[in-house]
Amino acid sequence: MAIEKKRPLQTSNSANIAPAPTDGQGKTIEEMYQKKSQLEHILLRPDTYIGSIEKHTQILWVYQNDEMVNRSISYVPGLYKIFDEILVNAADNKQRDSSMDSVKVTIDVEQNCISVYNNGAGVPVEIHQEEKVYVPELIFGHLLSSSNYDDTEKKTTGGRNGYGAKLTNIFSTELIIETADGKRQKKYKQVGFRLFRIWAFNSCGVVSDAFNLGGKGRASARYIYTRLSPITRFLFPKDDDRLLDYLNEDGQSIEPTWYVPIIPTVLVNGSEGIGTGWSSYIPNYNPRDIVANVRRLLNGEAMVPMDPWYRGFSGTIEKTVKESGVSYTVCGVIEEGNETTVRISELPIRRWTQDYKEFLESISQGNDKAKDLIEHSDHSTVDIIVHLPEETLMVARQEGLLKKFKLTTSISTSNMHLFVPKGVIKKYDTPEQILEEFFHLRLEFYEKRKKLLLDNLEMELLKLENKVRFILAVVNGEIIASNRRRADLFLELQQKGFTPFPKKTKAQEPEVAGAIEDTEETEENSESASGNGARISDYEYLISMAIGTLTIERVQTLCA
């Protein structure tokens, strides 16, 4: 009598899988025994870290219509877990900052995004001296990082295993973190995204206390969200989406090759970068000036030259024309208070308050630098008072206050390089050249959009005409729509010349007409469906009309 050897306990994922071959045939040793990285293991076995990724149905208490209701809920535990990790982080901040009094959650079903916000103190924006990365990146982007590893401290916050928010990053399409450090007067923003099953951080930037030309206080909000700005759809109309050339990755449609905004955003936002063998710098320009020139082009008028513009900047931008091109001198604002003080109320473009303050301290004359320098700057204004000896101010006056206090910078338009629609790099001499080239491309897309909209309207009109004709035929007894086979009705609609409207489906294989019960009927319907390439589903807009709509009143409504 043979006795079957019992197999050890196994996970549900491998319970029905036969054991790996042990005789050397089939899989290699390396295929049988593998070691995965932490990230690979998380992606391979997500249920170990966030729970099931399948939909579950369970009786739970939920908040509905201003009351708690005990009802059946369908949800994905893994999705709930990665949301809960961020929510716990936001709530835990109360333990670190007692002044925090707000946690807000926004769920946008249409955009498939969740944002979590609290108004407590932000994460320290500082380089971690051991790991050599910023602390926010360490917290949200590096596995096994945590602030709760000290077991001698009383546990007053959530997770302490070093995964937490990193799991949210891994299983999200995109994760954006924003935080402000009031103590260090810095703001931090970072975007995480998925690329070939590898998670990396992109668009990492640290802005010092001069963000928006001033510093933010310790109560600056911390955001964790993924959503579009409300203004996005004004710049990128939804009607343009169908005109774009979308890329394909692993059989899935992703972002287009490029977008076509209603104005060239590169002139609004400016651009700066270095590539292999070339570099580019494009200043910012006033959107109102850009729009005005677009209207001039539409009217066949000449454009007005545009100069760099920065919102909120109260200094001066002076234009200088040279043989090498156009340049601009950007000056801050400084004025004398009395014989021993000067007040600085604006800095040049791209000069940060904290950096400039350190420069002033480095040239301070007195032993007590706090008395030599008084700062009243905030998030939107610069206000620095500098005390210095009378003779020093006199020398500075002779040299020029702007030059002495380094309150000038320059902007050049001689290095404006951009990619054109064909993907090659082109040098532009003026912003008007950029705008004109964009104008013709944008106008071309307006023509395409107009044609597409007109085609859709004509198709809808033709469909309405066919519906009116079909209803009248049913009302007058010319077509019997009830108590008959769909295949017969399909053939009659074809014979009477009703227009087929194929449905837009991913599957390209022809539909088998009337494939319901017996083989004889299937063969008959297949032959009729293949006669001119039409299918029963092409007439679904008529066949599926409810009996209550086949009335004279419905005809009058459609014709109105």
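Residues numbered from 1 in each chain as written. Predicted model: local features only at pLDDT ≥ 70, side-chain atom pairs only at ≥ 80, totals over all residues. Heavy atoms only, no water.

A. Focus on the side chain of Asn293. Inspection of the secondary structure assignment puts Asn293 in helix α9 (residues 287-298). Residues within four places of Asn293 in sequence aside, it is in contact with Met303, Val304, Met306 and Leu435. (Helix = DSSP H or I, 4+ residues; strand = E, 2+ residues; numbered from the N terminus. Contact = heavy atoms within 4.5 Å.)

B. Representation of the packing of aromatic side chains. If you walk through the whole model with that rule in mind, you get 7 aromatic pairs. Between the aromatic rings of Phe236 and Tyr259, the centroid separation amounts to 5.7 Å while the plane-to-plane angle is 75 degrees, which identifies the pairing as edge-to-face. Residue Phe236 is found in the loop between α7 (232-235) and β9 (246-249), and its partner Tyr259 is found in the loop between β10 (252-256) and α8 (265-269); the two are separated by 23 residues along the sequence. Residue class for Tyr259 comes out partly exposed when judged on its relative accessible area of 48%. With a centroid separation of 6.1 Å and 85 degrees between ring planes, the pair formed by Phe470 and Phe498 is classed as edge-to-face. Of this pair, Phe470 sits in helix α14 (residues 431-475) while Phe498 sits in the loop between α15 (486-495) and α16 (519-530), placing them 28 residues apart in sequence. Overall, the relative accessible area of 3% leaves Phe498 in the buried class. Sitting over the ring of Tyr541, Lys463 keeps its end group 5.8 Å from the ring centre. The ring centre of Phe498 lies 4.1 Å from the NZ or CZ of Arg469, which sits over that ring. (Phe/Tyr/Trp six-rings, centres within 6.5 Å; stacked < 30°, edge-to-face > 60°. Buried < 20%, exposed > 50% of the residue type's maximum accessible area, 1.4 Å probe, protein only. Lys NZ or Arg CZ within 6 Å of the ring centre and 35° of its normal.)

C. Expanded view of unusual backbone geometry. Residues other than glycine seldom take positive phi values, yet Asp250 does so here, at roughly 55 degrees. When you line up the elements, Asp250 lands in the loop between β9 and β10.

D. Here's a closer look at the pattern of salt bridges. Using the criterion set out here, one finds 17 salt bridges in the structure. Across the pair Lys496 and Glu492 runs a salt bridge whose closest N-O atoms are separated by 4.0 Å. A residue is classified by how much of its surface remains accessible, and Lys496, at 35% relative accessible area, is partly exposed. Classification of Glu492 as buried rests on a relative accessible area of 15%. (Salt bridge = Lys/Arg side-chain N within 4 Å of Asp/Glu carboxyl O.)

E. Geometry of the pairing of β9. Looking at chain direction, β9 and β10 are connected through 3 bridges and run antiparallel. Paired with Tyr246 across the two strands is Pro256, which belongs to β10. The turn linking β9 back onto β10 is made up of 2 residues, and Asp250 within it adopts a positive phi angle of 55 degrees. (Pairing = 2+ DSSP bridges.)

Read these as layout, nothing more, since geometry by itself doesn't imply function.
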